[in-house]
Amino acid sequence: MTLALAWSAQQRAPLPQVKAPCAPNAAAIAASAVDCLLLEVETWPKPGLVSHVDRGSHEDMDAETLRVSAETIGPYFAALAEAGAGGCAMEQLRIIGLEAEAAMFAATSGINTHRGAIFGLGLLCAAAGARSNGQVDPALSLGATVTCLWGSSILGGPVLLHSHGMKARRRFGAGGARVEAAKGFPSVYHVGLPALHRGALVAADDAEAARVEACFALIAAVEDTNLLHRGGLDGLLFARRVARQFLGQGGVGAPDWRERARAIHDSFIVRRLSPGGSADLLAMTLFVDAHERSCR
């Protein structure tokens, strides 16, 4: 499942663990979101994905491209958090999202680095703002807040009919980013977070390992339209199978996990597969984990 192209029909050494305050202001929410995008870049091996080590299956971007992009869209995450705190409707959030996309494309010379993250992570930033300002019951999770405030509007908004994600959804019947967001990001809460916590337990002194565990778990479970676009149904099924095998053989708890993960990464590169939706969901998982832990 790709998180890309979901806002509107208009085109527009490892880092430390992220920390987020319980009642953050918009700047703190945005800083946490940017840190999570940077942590995603500083995670390797992630099958087929760009990292600080290599370009993965991508010829048009590298780690520095992603870093520049993440810093560029930071102010828009702050604007989304402020909009959420102010009780804005989905249409106002879309406008900010489109502005973020335009800034991203300007900074990357037209490369789509973080359009999916602008949508998914942007909604979570808006939810964090709404929750911190009393727009919803503070007991609600960020995902439930998105569903409560904007769920129906997310599903009813305009779409890009000729996007890669939309083509894959029409051809294969995949749910896509909108359904994931409208339901409160179940892939984050039911797949990403449990895997992140599991990885932290079995590799207690290696935060990168926990992120790799979460990434593989997401690849194994998510209907990633980036994979469908690049490799068709066979590509998606291959990615899921090898990710599940990695996890079934102990994941990052196995002594040779890094060698096996690198071999899978290489196999994705050979097939030109890139699970971009899972990369977005990994960053979102890190953001939700940081925010929810701070509010316990």
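Above: the structure in question.
The model shown is predicted, which means the values in this text are computed figures rather than measured ones.

Participant: I would appreciate a short explanation of the overall build of the protein in the present structure.
Facilitator: Scanning the protein from N- to C-terminus turns up 12 helices and zero strands. Of the regular secondary structure in the protein, the N- to C-terminal order runs α-α-α-α-α-α-α-α-α-α-α-α. The buried share of the protein, reckoned over its 296 residues, is 58%. For the protein, the exposed area adds up to about 11,600 Å²; of that, 54% sits on carbon and sulfur atoms.

Participant: Help me understand the side chain of Glu-40 in this model?
Facilitator: Mapped onto the fold, Glu-40 is located in helix α1 (residues 26–41). When sequence neighbours within four positions are dropped, the list of residues in contact with Glu-40 reads Lys-46, Leu-49, Val-50, Ala-279, Leu-282, Ala-283 and Leu-286.

Participant: When you look at the packing of helix α8 (residues 186–202) against helix α9 (residues 207–221) in this model, what are you seeing that I'm missing?
Facilitator: Packed helix pairs are characterised by how far apart their axes lie and by the angle those axes make with each other. In the contact formed by α8 and α9, the axes pass within 7 Å of each other and the chain directions differ by 145°. Considering the relative orientation of α8 and α9, their crossing is right-handed. On α9, the residues touching Ser-187, Val-191, Gly-192, Ala-195, Leu-196, Arg-198, Gly-199 and Ala-200 of α8 are Ala-210, Arg-211, Glu-213, Ala-214, Ala-217, Leu-218 and Ala-221. Residues belonging to the contact of α8 with α9 are distributed by class as follows: nine nonpolar, three polar and three charged.

Participant: Any chance you could explain unusual backbone geometry here in plain terms?
Facilitator: Excluding glycine, residues mostly carry a negative phi; peptide bonds, for their part, are mostly trans. Of note, the amide linkage connecting Trp-44 to Pro-45 takes the cis form, showing an omega dihedral of 0°. With respect to the helices and strands, Pro-45 occurs in the loop between α1 and α2 (63–85). The backbone of Ser-109 sits at a positive phi, close to 55°, despite the residue not being glycine. With respect to the helices, strands and loops of the structure, Ser-109 is situated in the loop between α3 (90–107) and α4 (115–132).

Participant: Hey, could you run me through the pattern of salt bridges in this one?
Facilitator: Pairing is possible between side chains of opposite charge, provided their charged atoms come close. For the structure on display, the rule yields 12 salt bridges. A salt bridge links Arg-94 to Glu-91; its shortest N-O distance comes to 3.6 Å. Note that Arg-94 and Glu-91 are positioned in helix α3 at a spacing of three residues, about one turn of the helix. The salt bridge partner of Asp-256 is Arg-260, with a shortest N-O separation of 3.3 Å. Asp-256 sits in the partly exposed class, given a relative accessible area of 36%. Taking relative accessible area as the criterion, Arg-260 reaches 16% and is therefore assigned buried.

Participant: I keep staring at helix α12 (residues 276–294) and nothing clicks. Help me out?
Facilitator: The α-helix advances 3.6 residues per turn, and as a result positions three or four apart in sequence lie on the same side. Between its terminal C-alpha atoms α12 stretches 28 Å, which fits the 27 Å expected from 19 residues at 1.5 Å a residue. Counting buried positions along α12 yields 17 of 19 residues, so the element is predominantly enclosed.

Participant: What is the right way to read the side chain of Glu-292 from this model?
Facilitator: In this structure, Glu-292 sits in helix α12. There is a polar contact of 3.1 Å between the side chain of Glu-292 and the side chain of Arg-131. A polar contact of 3.2 Å, which involves the side chain of Glu-292, links it to the backbone nitrogen of Leu-142. Excluding its chain neighbours within four sequence positions, the residues that come into contact with Glu-292 are Arg-131, Ser-141, Leu-142 and Tyr-189.

Participant: Please clarify how the packing of α2 against α4 should be interpreted in this entry.
Facilitator: Viewed as axis vectors pointing N to C, α2 and α4 meet at an angle of 40°, and their least axial separation amounts to 6 Å. It follows from the interaxial angle that α2 and α4 lie oblique. The hand of the α2/α4 crossing is right-handed. Mapping the contact onto sequence places Ile-73, Phe-77, Leu-80, Ala-81, Gly-84 and Ala-85 in α2 and Ala-117, Ile-118, Leu-121, Gly-122, Cys-125, Ala-126, Gly-129 and Ala-130 in α4. A breakdown of the residues in the contact of α2 with α4 according to their chemical character gives 11 nonpolar, three polar and no charged.

Participant: Just checking my understanding: could you explain the packing of aromatic side chains for this structure?
Facilitator: Aromatic ring pairs: the centre-centre distance and the angle between the two ring planes describe each pair. Throughout the structure, instances matching the rule amount to two aromatic pairs. Taken together, a centroid distance of 4.0 Å and an interplanar angle of 25° make the contact between Phe-216 and Phe-246 stacked. Taken together, the residues Phe-216 in helix α9 and Phe-246 in helix α10 (residues 225–248) connect sequence positions 30 residues apart. Like Phe-216, the residue Phe-246 is buried in the burial classification. Consider the rings of Phe-238 and Phe-268, whose centres lie 5.9 Å apart with planes at 45°: the pair is tilted. Here Phe-238, found in helix α10, pairs with Phe-268, found in helix α11 (residues 257–271); they are 30 residues apart in sequence, far enough to count as distant.

What counts and how
- Residues numbered from 1 in each chain as written.
- Predicted model: local features only at pLDDT ≥ 70, side-chain atom pairs only at ≥ 80, totals over all residues.
- Heavy atoms only, no water.
- Helix = DSSP H or I, 4+ residues; strand = E, 2+ residues; numbered from the N terminus.
- Buried < 20%, exposed > 50% of the residue type's maximum accessible area, 1.4 Å probe, protein only.
- Areas by Shrake-Rupley, 256 points an atom, 1.4 Å probe, with all protein chains shown as cover.
- Contact = heavy atoms within 4.5 Å.
- Axes fitted to C-alpha atoms, helices over the stretch in contact; angles between N-to-C directions.
- Left-handed = near helix turned anticlockwise from the far one by under 90°.
- Nonpolar A, V, L, I, M, F, W, Y, C, P; charged D, E, K, R; others polar.
- Salt bridge = Lys/Arg side-chain N within 4 Å of Asp/Glu carboxyl O.
- Expected span 1.5 Å × (residues − 1).
- Polar contact = N/O pair within 3.5 Å; in protein donor to acceptor, adjacent residues only side chain to side chain.
- Parallel < 35°, antiparallel > 145°, perpendicular 65-115°, else oblique.
- Phe/Tyr/Trp six-rings, centres within 6.5 Å; stacked < 30°, edge-to-face > 60°.

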